[in-house]
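What follows is each chain in one-letter form.
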Amino acid sequence: MGSCPACGQKPVGDERLLSWLLSSQHLPQAELIEAAERISAGTFPKPGPELLAVARDALNPVPDARVEQPADPDAPLSTRERLQLLAFNVLFTPLVGLVLFLAWRRRRPVAARDALHLSWPVMLLGVVIWGVLLLR
């Protein structure tokens, strides 16, 4: 992605995609010569979205880390997730565990079961405490 040996221009932004598409990394020598002749004749290349996606993937081979990867359906809750859920159950409401169970029951069934098993004792303890307080 250096400067063009003929004109000295360095591609920036989306020009890099077109530059890669018109390079020896993508085209054989015969097609490069043909593309150069077309450009010299005044025909500016306009690649479609599919070709631009190919170039983008070639120039950026590392997937975007911000994109959430799908969770393993057989993975249980991690220790961190367990501690967070327990804290939410005790500090706020054990209904958090029930909501997670309902949300994850198809996508992450093992984690959903863990959330339910971690939340129901807190829920039961809350019912007992409230029952004692109300009976006083």
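Reading the values: rules and limits
- Residues numbered from 1 in each chain as written.
- Predicted model: local features only at pLDDT ≥ 70, side-chain atom pairs only at ≥ 80, totals over all residues.
- Heavy atoms only, no water.
- Phe/Tyr/Trp six-rings, centres within 6.5 Å; stacked < 30°, edge-to-face > 60°.
- Buried < 20%, exposed > 50% of the residue type's maximum accessible area, 1.4 Å probe, protein only.
- Helix = DSSP H or I, 4+ residues; strand = E, 2+ residues; numbered from the N terminus.
- Contact = heavy atoms within 4.5 Å.
- Axes fitted to C-alpha atoms, helices over the stretch in contact; angles between N-to-C directions.
- Parallel < 35°, antiparallel > 145°, perpendicular 65-115°, else oblique.
- Nonpolar A, V, L, I, M, F, W, Y, C, P; charged D, E, K, R; others polar.
- Salt bridge = Lys/Arg side-chain N within 4 Å of Asp/Glu carboxyl O.

A. Highlighting the packing of aromatic side chains. In the structure shown here, the tally under the stated rule is one aromatic pair. With 5.4 Å between their ring centres and 35° between their planes, Phe88 and Phe92 make a pair best called tilted. Note on Phe88: relative accessible area 42%, which makes it partly exposed.

B. Highlighting the environment of Leu116. Among the secondary structure elements, Leu116 is positioned in helix H6 (residues 109-135). Of the residues examined, Leu116 reaches a relative accessible area of 28% and is grouped as partly exposed. For the pair formed by Leu116 and Val96, sequence separation is 20 residues and the distance between their alpha carbons is 9.4 Å. Apart from residues lying up to four places away in sequence, Leu116 is in contact with Leu98 and Phe101.

C. Quick peek at the packing of helix H4 (residues 79-91) against helix H5 (residues 95-104). Between H4 and H5, the least distance of the axes is 7 Å, while the angle of their chain directions is 130°. The pairing of H4 with H5 is recorded here as oblique in orientation. Across the interface between the two elements, Leu85, Phe88 and Asn89 from H4 touch Val96, Gly97 and Leu100 from H5. By residue class, the composition of the contact of H4 with H5 is four nonpolar, two polar and no charged.

D. Fine view of the pattern of salt bridges. Summed over the entire model, instances satisfying the criterion amount to four salt bridges. Across the pair Arg38 and Glu34 runs a salt bridge whose closest N-O atoms are separated by 2.7 Å. Linking Arg38 with Glu34, this pair stays in helix H2 (residues 29-40), spanning four residues, or about one helical turn. The closest approach of N and O atoms between Arg82 and Asp114, which form a salt bridge, is 3.2 Å. Of this pair, Arg82 sits in helix H4 while Asp114 sits in helix H6; the two residues are 32 residues apart in sequence, bridging distant segments of the chain. With relative accessibility at 33%, the residue Arg82 sits in the partly exposed group. Since its relative accessible area comes to 7%, Asp114 is described here as buried.

These values are about where atoms sit, not about what they do.
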